[in-house]
Amino acid sequence: MTKTDPSTDLAPLTESVVTGLPPERVREARRRRHPFRKPVTSILRHAFLIAAAVLMLYPVIWMVVSSFRPTELIFREAGLVFDSFEISNYVEGWNALSYPFNVYLLNSGLVVVGSIIGNLVSCSLAAYAFARLEFTGKKFWFAIMLLSIMLPIHVIIVPQYVMFSQLGWVNTFLPLIVPKLLATDAFFIFLMVQFIRGIPRELDEAARIDGAGHPRIFLQIILPLMVPALATTTIFTFIWTWNDFFSQLIFLTKPSLYTVPLALNAFQDAQSSTDFGELFAMSVVSLIPIFLIFLFGQRFLIKGIATTGIK
Amino acid sequence: MSALGELRSLKGAAAPKQRKQNKAAFLFLLPWFVGLALITVGPMVASFALSFTRYNLLSPPRFNGVENYIRMLEDERLHKALVVTFQYVLVSVPLQLGLALVLALVLDRGLRGLALYRSAFYLPSLLGASVAIAILWRQLFGVDGLINIALGWFGIEGQGWISNPETALGTLMILNVWTFGAPMVIFLAGLRQIPVMYYEAASVDGANRMQQFRHITLPMLTPIIFFNLILQLIGAFQSFTQAFVVSGGTGGPVDSTLFYTLYLYQQGFANLNMGYASAMAWLLLVIIAALTAINFWASKYWVFYDDQD
Amino acid sequence: MRGITRRRAGFVAAIGAATLVLTACAGNDAGGGEAAAPELKLSDEPVTLSFTWWGNDTRHAATEEIIAAFEAEYPNITIEPQYTDWAGYWDKLSTSVAAGDIPDIIQMDEKQLSTYAANGVLADLGELSSILSTEDFPEAVLGTGALDGTQYGVPVGINSYTIIANKDLLDQYGVDLPDDETWTWDDFVATAEEVATASGGAIVGTQSWGFEDGGLNNWLRQHGESLYDGAEVAASEETLAGWWEFLLEATEAGATPDPAATIERESGGLAESFTATNASAFGPWWSNQVQALRDASGQDLVALRVPSTADGSAYYKPSMFWSASAKTEHQAEVATFLDFLANSEEAADLLLAERGVPANEKIREYITPKLDEVNQTVVEFLDGLAPEVGDAPPATPPGGGAIETIIDQHTQKVLFGELTPEQAATSFIEELQRALDDAAI
C-alpha cells in the first residue's frame, strides 16, 4: 500500500520542510516505523493474517458454498461440502418473490444513498458546532444528543410510526431517510466531534486570521481534514442501513418498496419450509455491494492528515 | 516523554478563551435541532409517558401510576436479564475493542494486500443480523459443529456449546468479538488522523517503536478509543439481534442469553405489554446514561485532545 | 410534545372505533344474530383493500396469484398485499393497529384471535354474512373462530397434532412401525428407545416435546382437562407436572436426545430439526408440516396418531383464520374477497393445501384429488382421526399468545434441571395467568 501511495513518497520532502530536518533523517525515521520490511517477518505476518482471515471467514465461506447446493442437502449433510456447483439457487432465488431481486437492491440503494447524504451533511454540521464553537448550553445539548441514542428502538418505533402515519409517510422511504437528514444518527455526530477535536486548532486560527468565517473554515479546512471520519460515516451508514431490518419492516408494507432485508426475510418461515439454498444465494448477492463499497471505500479511510500533510 | 513534550510544544500555546458564538452554532446545529424537536423528542417523551400506563398497542393506554416500576423490582426474569447483559458488556466490549485495536495497528500500513485483509476481517461484520448468522453459528458451535469436530481430532468430546446454559452466553460474546470490524475501521481512520510529523520528531529524538506507540500513537488515539468505548458500551447494552436470531427469539437456553432488550421486546411485542417495556427502556436509559457519564468524567484523566487548553 | 398530541388523536380515533364495534355487536345481538345482518352492496367506485399475511416465498407467490385471479373477476377492487414472516408479522400488525392503520383483511392465528377481537380490532363477520357464506364449514370447526357467539375469523385449514415417524429409519434399524390405534405413551417411548439403541446412537429415538402448546393440549385432554377456562388457566399442577415428568423419564431412558441438542435444534426451526434431517425416528409435529418435512428429509415420513388417543381427546386446530378489520370502510368488498378466499374453487386451485387442508368441507372434497400424494395422505389421516375428534379446546383468551415463550422457557428449565416438574407446573400457571391478567380489558 505504502509504495503505491504517491503522496507518501513525496512526503519526506514536505515533512523535512515542516520539521526542519534533513530529508535523509526523515526517511530514516520513516523506515524505522516500518520494521516489517524484512522478508521473513513479512512472510510470517502474511501467514498469520491469512490464517486469521480463514478462521474469520469460515462461516461466510460455508454460506457461499451452501448457496451452490440443493436446499434439501444443506442441513441433511451439513458441513463444508463442495459436492455441487449449481447456480439454480441464484437464478430461482432472483425471481422467487413478487419482483425480481434487482427491485429490492434498487430500493435498498435508494434508502442507503439518501441516508448517506443525510448523515454526511447534517452530522458534520452539528459536529463542527460541538467541536469548535462555544455556545450556551453546549454540554447540555451534547448530553441530550447522547441520551437520544440510549433508548432501544423497540419502544421508540411505535410512537414514531404513529407520527409518520399521521404525516402519511408510511409506505414511502421518507421515514427512513428524513431522520438522517436531520442528524438523528447521533453516533456519527459524536464520531465526527472526536475527529475534529483531533485536528490542531492552529489551522483554523490561521484561517481566521486570514479573515475566513465559520462556513469557510468548515468547508475548506475541517471537511478535507476529516475525510477518514466521513469515509467511516459513509461505510457505516451504508452497512447499517443495508442491513437494518426492523424499521424497514415497520415502515414499508408494499412489496414493491421492499428492501433487501425484507426480501430475504420473505424467504423464510420457521414453521414450515424455508428455501435455504435460495436464501443463501440472495444473501451472497446482497453482500456483494457492501463488500465492494468497503473494498473501495476503505482507501479513503487511510487518507488522513498523514498523507495530506500540514500546510 | 520527550516525544509527548515535543507534541505539546508543536501544538503551540493553548487556544485563546473564546467568546460565545451562539448564532453560528445555532445555524450549524439547525438540522439537528429540527430533528430533535420533530423526530427524537416526541417519541422519547411518549415512551416515558407510556411507562406509567398499561398499554397493549391495540387499545388506548390506561394510566397505572408507578405500577410498572414496582413490578420491575419483583420481576425475576428482568433481574436475570440485567445480570446476563452486564456479563456480556463487561466481557465482550473490552475483548472486542482490544482485538480491533491490535488488528488496526497490524493492518495500518506496511504490508501488501492490506486492502484485502481489511475487507476480509470486516466481512463478518457485514453479515449483520441476517438469519444466516444464526445458522452459521450453529454450524460452528453446535453439537455437530466445526468446533466439536476440531476437538474430536484431539480426542476431546465436545458439547452443544450454543445450547448449554453454561456456555451459550460465551458463544454470543465470541460472536460479538468476531464482528470487531466496526471499531477496527474507526481505529484505522483514527490512526491516519495522527500527523506523521510527530513520529518524525520522535524518531529524531531516538524513540523506538514501542516508545512511539506509548507516547504518540496511544495518546493521540485516545479520543477514538474513548469514542469506540462509548459506542460499544451503548451498543452492547442494547444488543438484541444476535441473541434473538441465535436463540430463536427465546433468550434460551434457560434464559442464559436473555439480553435486556430481548426481554423488553418479548414484553412489548410478544406479550403486548408496551407500558412495561417502556418502563424497562427508561431503566436501561438510566443505566447507560450513568455509565456513560462516569466514562466522560473518567475520560478527563486519560483522553488526550489536541485542542485542549 | 408533538408526538404526544398526535398520539392522543390516534387514541381518540381508536376509542371511537372500539365504541362503534361494541354498538354494532350489541345491535346484532338484539336483532337476533345473522338475520339482522345488513344487506351489503358493492361500490361503483374503484376500491383498494389491504391484505396482510405471514408465510414464506411459496405462500407469497400462491397468494399473489389468488389476488390476481380475484382482481380479474372484480376489476373494480384492487388488493394490496403485505407479507412478512411469522415473527415480523405480529410486530408490524400491532404497531400499525396502534396508529389506527388496520389492514382490511388479516390472516389471524388462533393464539392471537381473542386478543385482537377483545380490543375491537376485528370485524364481526356476521355483519358480512349477506356476501360471505360459511355454510360449508362444519359447525365445530367454524366455532373455533367465534368468541362468545360472535364470528371473528373464518378457519382456513385444519390441522391435527401428530407423531411423525420416519419409516425408512425404522426399516433400517429393524423396528416395526407401531400401531397408532392402540399405542400408549409408554409404547411410544419404548419404541423410540429401541430405535435409538439399535442405531448405536447414530440417530435419536424421538424429538423432545414441550415447545408449543399442541402437545400440552393433547396431554391435558387425555387427562380430561383443558388449558383454559375463560380467562383462567384451568390446567392442574398435577397433570402439568406429569407431562414434564414424562419428558424427563423419556430423556433419561435415552428415547429423546440430551437437552442441549434438543434446544439447539429447536432454535433452528423446521429445517434444522431432527426429523427434517433424518436424525430421529419420531417427532411430534402438526399435520400441515408433513409436506415441508418430507421435502426436507427426502425419506418416507408418515403421520401417526398421538399415543393414547381416545374418544374425544384429539381435536382439529385451525391452521389460521381469515379476519377483517373492524374499521374497514369497504365491508362489501372485504366480504367479497373473504368469500372468494374461503369458498371459491379458483382460489382453492391456486392454494391447494398450502395453508393446510381446507376447513371448508366442500372445497376439501373438491381439492383432495388434485393434491399430491403426501397431502392426500394427510387428508386421509385427518379423516381417519374423525371418530376420536372432540370439541375444539376452549379458545385461547386474550394475552394467551405469551404461552409460546412461557412454555418453551419452562420446558428448558425442566430439561436442564433448574426446576422440578412440580416447580415448573406451579411457575407455569403463575406466569401464564399473569399474562392473561395483563391482557384483561
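Quick caveat: nothing in here was measured; it's all calculated off a predicted structure.

Caption draft 1: Representation of the overall build of chain A within the structure. What chain A contains, in helices and strands, is 17 helices and zero strands. Per-residue burial for chain A yields a buried fraction of 59% across its 311 residues. Nonlocal contacts in chain A, meaning residues at least 24 apart in sequence, comprise 69% of its contacts between residues at least 6 apart.

Caption draft 2: Representation of the nonpolar core within the structure. In terms of nonpolar packing, the biggest core is built from 288 residues, with Phe101 and Ile189 of chain A, Trp32 and Phe121 of chain B together with Leu338 of chain C touching the most fellow members. Per-element accounting of this core gives the leading share, 14 residues, to helix H6 (residues 101-132) of chain A. Aside from chain neighbours lying at most four places away, what touches Phe101 of chain A is Trp94, Val260, Ala263, Leu264, Phe267, Met282 and Val285 of chain A. Among the nonpolar cores identified, the runner-up in size contains 52 residues, and Ala165, Phe188, Leu247 and Ile429 of chain C belong to it.

Caption draft 3: Spatial organisation of helix H7 (residues 138-147) of chain A. Along H7 of chain A, the positions that sit buried rather than exposed are Lys138, Phe142, Met145 and Leu146 of chain A. Down the axis of H7 of chain A, the buried side of the element spans an arc of 95°, and every buried residue falls inside it. Elements in contact with the buried residues of H7 of chain A: H6 and helix H10 (186-196) of chain A together with helix H2 (22-50) and helix H14 (274-302) of chain B.

Caption draft 4: Broad picture of the pairing of strand E12 (residues 280-286) of chain C. Residues and elements named next belong to chain C. Of all seven residues in E12, seven are buried, a share of seventy percent or more. In the sheet, strand E9 (residues 204-206) pairs with E12 via two bridges, with the strands oriented parallel. Residue Val204 lies in a different strand from E12, and its bridge partner there is Ser280.

Caption draft 5: Expanded view of the sheet that holds E9 of chain C. Residue and element names in this part refer to chain C. The strand order across the open sheet formed by four strands is E9-E12-E8-E13, and the pairing between neighbours is mixed. The open sheet terminates on both sides in strands that have one partner only, identified here as E9 and strand E13 (301-304). Taking each pair of neighbouring strands and ignoring which way they run, the sheet shows an average axis angle of 30°.

Caption draft 6: Summary view of the sheet that holds strand E3 (residues 105-108) of chain C. Residue and element names in this part refer to chain C. Read from one edge of the open sheet, five strands run E2-E1-E3-E15-E6, paired in mixed fashion. The open sheet has two edge strands, strand E2 (77-84) and strand E6 (154-155), and neither has a second partner. Sheet topology note: the E3/strand E15 (residues 321-324) ladder contains four bridges and is antiparallel. Following the sheet pairing, Ile105 is matched in E15 by Ala324. Here helix H2 (residues 57-73) sits on the sheet in contact with strand E1 (47-54), E2 and E3, set at roughly 175° to E2.

Caption draft 7: Inspection of the side chain of Thr95 of chain C at higher detail. Relative to the helices and strands, Thr95 of chain C is located in helix H3 (residues 86-98). We classify Thr95 of chain C as buried; its relative accessible area is 0%. Looking at Thr95 of chain C, its side chain comes within polar contact range of the main-chain oxygen of Asp91 of chain C, at 2.6 Å. If sequence neighbours within four positions are ignored, Thr95 of chain C has contacts with Val158, Tyr161 and Ile250 of chain A together with Phe269 of chain B.

Caption draft 8: Local environment of the UniProt feature "transmembrane region" (unreviewed entry) in chain A. Residues and elements named next belong to chain A. Mapped onto this numbering, the UniProt entry annotates "transmembrane region" (unreviewed entry) at residues 43-65, 104-128, 140-161, 173-196, 217-242 and 279-302. Strand forms 0% of residues 140-161 and helix 77%; the C-alpha atoms that close the span are 28 Å apart. Counting secondary structure, residues 173-196 comes out at 79% helix and 0% strand; the distance between its end C-alpha atoms is 31 Å.

Caption draft 9: Quick peek at the pattern of salt bridges. Residues and elements named next belong to chain C. Under the defined criterion, the tally for this structure stands at 17 salt bridges over all chains. When the shortest N-O distance is used, the salt bridge between Arg305 and Asp180 registers 3.9 Å. Here the residue Arg305 occupies a position in the loop between E13 and strand E14 (317-318), and Asp180 occupies one in the loop between helix H6 (167-172) and helix H7 (185-198), the gap between them amounting to 125 residues. Asp349 serves as the salt-bridge partner of Lys370, at 2.9 Å between the closest nitrogen and oxygen. Of this pair, Lys370 sits in the loop between helix H14 (361-367) and helix H15 (373-385) while Asp349 sits in helix H13 (residues 345-351), and the two are 21 residues apart along the sequence. A residue is classified by how much of its surface remains accessible, and Lys370, at 44% relative accessible area, is partly exposed. Several salt bridges converge on common partners, so that one network encompasses Asp180, Glu181, Arg305 and Glu388.

Caption draft 10: Spotlight on the environment of Ser256 of chain B. If you trace the backbone, Ser256 of chain B turns up in the loop between helix H12 (241-246) and helix H13 (260-270). Separated by 175 residues in the primary sequence, Ser256 of chain B and Ala81 of chain B place their C-alpha atoms 8.4 Å from one another.

Caption draft 11: Focus on the interface of chain C and chain A. Each partner contributes to the interface: chain C provides 37 residues, whereas chain A provides 34 residues. Interface area, chain C with chain A, both sides summed: about 3,100 Å², of which 55% is carbon and sulfur. Across the contact surface, chain C and chain A share zero salt bridges. At the level of elements, helix H1 (2-31), H2, E2, H3 and helix H11 (290-297) of chain C are the ones that each hand at least two residues to the side of chain C that touches chain A.

Caption draft 12: The arrangement of the environment of Ala229 of chain A in detail. Residues and elements named next belong to chain A. With respect to the helices, strands and loops of the structure, Ala229 is situated in helix H13 (residues 227-243). According to the relative accessible area criterion, Ala229 is buried, its value standing at 0%. With 41 residues separating them along the chain, Ala229 and Phe188 place their C-alpha atoms 8.7 Å apart. Excluding anything up to four places from it in sequence, Ala229 contacts Leu191, Met192 and Phe195.

Caption draft 13: Structural view of the packing of aromatic side chains. What the rule picks out here adds up to 74 aromatic pairs over all chains. Centroid distance Phe68 of chain A to Phe85 of chain A: 4.4 Å. Interplanar angle 20°. Geometry classified as stacked. A residue pair is termed long-range when its members are at least 10 positions apart, and Phe68 of chain A in the loop between helix H3 (39-66) and helix H4 (71-76) and Phe85 of chain A in the loop between H4 and helix H5 (88-94) qualify at 17 residues. Classification of Phe85 of chain A as exposed rests on a relative accessible area of 63%. An angle of 90° between the planes, with centres 6.3 Å apart, marks the rings of Phe190 of chain A and Phe226 of chain B as edge-to-face. With Phe190 of chain A in helix H10 and Phe226 of chain B in helix H11 (residues 209-237), this residue pair bridges two chains. With relative accessibility at 0%, the residue Phe226 of chain B sits in the buried group. In this structure, Arg71 of chain B packs its charged tip against the face of Tyr276 of chain B, placed 4.8 Å from the ring centre. Here the basic side chain of Lys317 of chain C rests over the ring of Trp286 of chain C, its NZ or CZ set 5.3 Å away from the ring centre.

Conventions used here
- Residues numbered from 1 in each chain as written.
- Chains lettered and ligands numbered in written order.
- Predicted model: local features only at pLDDT ≥ 70, side-chain atom pairs only at ≥ 80, totals over all residues.
- Heavy atoms only, no water.
- Helix = DSSP H or I, 4+ residues; strand = E, 2+ residues; numbered from the N terminus.
- Buried < 20%, exposed > 50% of the residue type's maximum accessible area, 1.4 Å probe, protein only.
- Contact = heavy atoms within 4.5 Å.
- Core = buried A, V, L, I, M, F, W, Y, C linked by side-chain atoms within 4.5 Å.
- Arc of directions from axis to C-beta.
- Pairing = 2+ DSSP bridges.
- Axes fitted to C-alpha atoms, helices over the stretch in contact; angles between N-to-C directions.
- Polar contact = N/O pair within 3.5 Å; in protein donor to acceptor, adjacent residues only side chain to side chain.
- UniProt positions renumbered as here; feature names shortened; annotations may be inferred.
- Salt bridge = Lys/Arg side-chain N within 4 Å of Asp/Glu carboxyl O.
- Buried area = accessible area lost by both parts, 1.4 Å probe.
- Phe/Tyr/Trp six-rings, centres within 6.5 Å; stacked < 30°, edge-to-face > 60°.
- Lys NZ or Arg CZ within 6 Å of the ring centre and 35° of its normal.

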